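If you want the building blocks of each chain, they are given just below.
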Amino acid sequence: PWLASRGRCRKQGVFVPASRVCVPVGEGSDEIANRHGLGFWNEPSPSSRLPAHRVVNQTSDCPGPTLVILKDELPGPLPGLAEAAALSTSGGGVAFSVGRT
């Protein structure tokens, strides 16, 4: 169940393909945030230029840059998001530690 998977994510971390991890850049990048609603993903909306995504590493006690995890791979770059390929491991993924849920 959900509670068991939450504990596993905290212990083992979460791996995401580097092609789905981006860094917000440029004008308005500091305004990208998670919306409060149902589900894990921020779904596309008329007021957002982003597809389904989740903002991570955005709280004041998180080291490193704010990152955006895209729900699905995209065919090309998105305005305001830069690739975060430099964060990837040799397997092409980015490992995240789960601090809060």
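Below or above, wherever it landed, is the structure these notes cover. Just so we're clear, the structure is a prediction, and the values are computed from it rather than from any experiment. (Residues numbered from 1 in each chain as written. Predicted model: local features only at pLDDT ≥ 70, side-chain atom pairs only at ≥ 80, totals over all residues. Heavy atoms only, no water.)

## Here's the deal with the overall build of the protein chain
Filter applied, for reference: A helix here means a DSSP run of H or I that spans at least four residues, while a strand means a run of E at least two residues long, and both kinds are numbered starting from the N terminus. Whether a residue is buried, partly exposed or exposed follows from its accessible area with a 1.4 Å probe, protein chains only, as a fraction of its type maximum: under 20%, in between, or over 50%, in that order. Two residues qualify as a contact provided that any one of their heavy atoms is within 4.5 Å of a heavy atom in the partner residue. In this description, accessible areas are obtained by the Shrake-Rupley approach with a 1.4 Å probe, and a residue is regarded as covered only by the protein chains that are shown.
Across its full length, the protein chain carries one helix and six strands. Reading the secondary structure of the protein chain in the N-to-C direction produces α-β-β-β-β-β-β. Taken across its 101 residues, the protein chain has 25% of its residues classed as buried. Summarising the internal contacts of the protein chain: among those between residues at least 6 apart in sequence, 56% fall at separations of at least 24. For the protein chain, the accessible area works out to roughly 7000 Å², and carbon and sulfur atoms hold 57% of it.

## What about the side chain of His 53?
Put simply, the test is: Residues adjacent in sequence count toward polar contacts only when both atoms are side-chain atoms; beyond that, a polar contact is any pair of N or O atoms within 3.5 Å, and within protein one must be able to donate a hydrogen and the other to accept it.
Inspection of the secondary structure puts His 53 in strand S3 (residues 53–56). Within the structure, the side chain of His 53 is placed 2.9 Å from the backbone oxygen of Pro 51, a separation counted as a polar contact. What His 53 contacts, discounting residues up to four positions off in sequence, is Ala 33, Trp 41, Asn 42, Ser 48, Val 68, Ile 69, Leu 70 and Lys 71.

## A short note on the sheet that holds S3
Note the cut-off: Two strands pair if DSSP finds at least two bridges between them. Helix axes use the C-alpha atoms of the stretch in contact, all axes being lines fitted to C-alpha atoms, and the angles between their N-to-C directions lie in the range 0 to 180 degrees.
With respect to topology, four strands assemble into an open sheet ordered S3-S4-S2-S5, the strand pairing being antiparallel. The open sheet terminates on both sides in strands that have one partner only, identified here as S3 and strand S5 (81–83). Pairs of neighbouring strands in the sheet enclose a mean axial angle of 35 degrees, with direction left out of account.

## Details of the environment of Gly 92
Along the chain, Gly 92 falls in the loop between S5 and strand S6 (93–96). For the pair Gly 92 and Val 16, spaced 76 residues apart in sequence, the C-alpha to C-alpha distance is 8.7 Å. With residues up to four places along the chain from it excluded, the contact list for Gly 92 reads Pro 17 and Ala 18.

## Observations regarding the side chain of Asn 42
Position of Asn 42 relative to the elements: it lies in the loop between strand S2 (21–24) and S3. At a separation of 2.7 Å, a polar atom in the side chain of Asn 42 contacts the side chain of Asn 34.

## Overview of the nonpolar core
Nonpolar side chains in soluble globular proteins tend to be buried together. Applicable threshold: Only buried residues count toward a nonpolar core. Its members are Ala, Val, Leu, Ile, Met, Phe, Trp, Tyr and Cys residues joined through side-chain atoms within 4.5 Å.
In this structure, Val 16, Ala 18, Val 21, Val 56, Leu 67, Ile 69, Ala 84, Val 94 and Phe 96 together form the largest nonpolar core, which totals nine residues. Counting residues in each nonpolar core, the second largest holds seven residues, with Cys 22, Leu 50, Val 68 and Leu 81 among its members.

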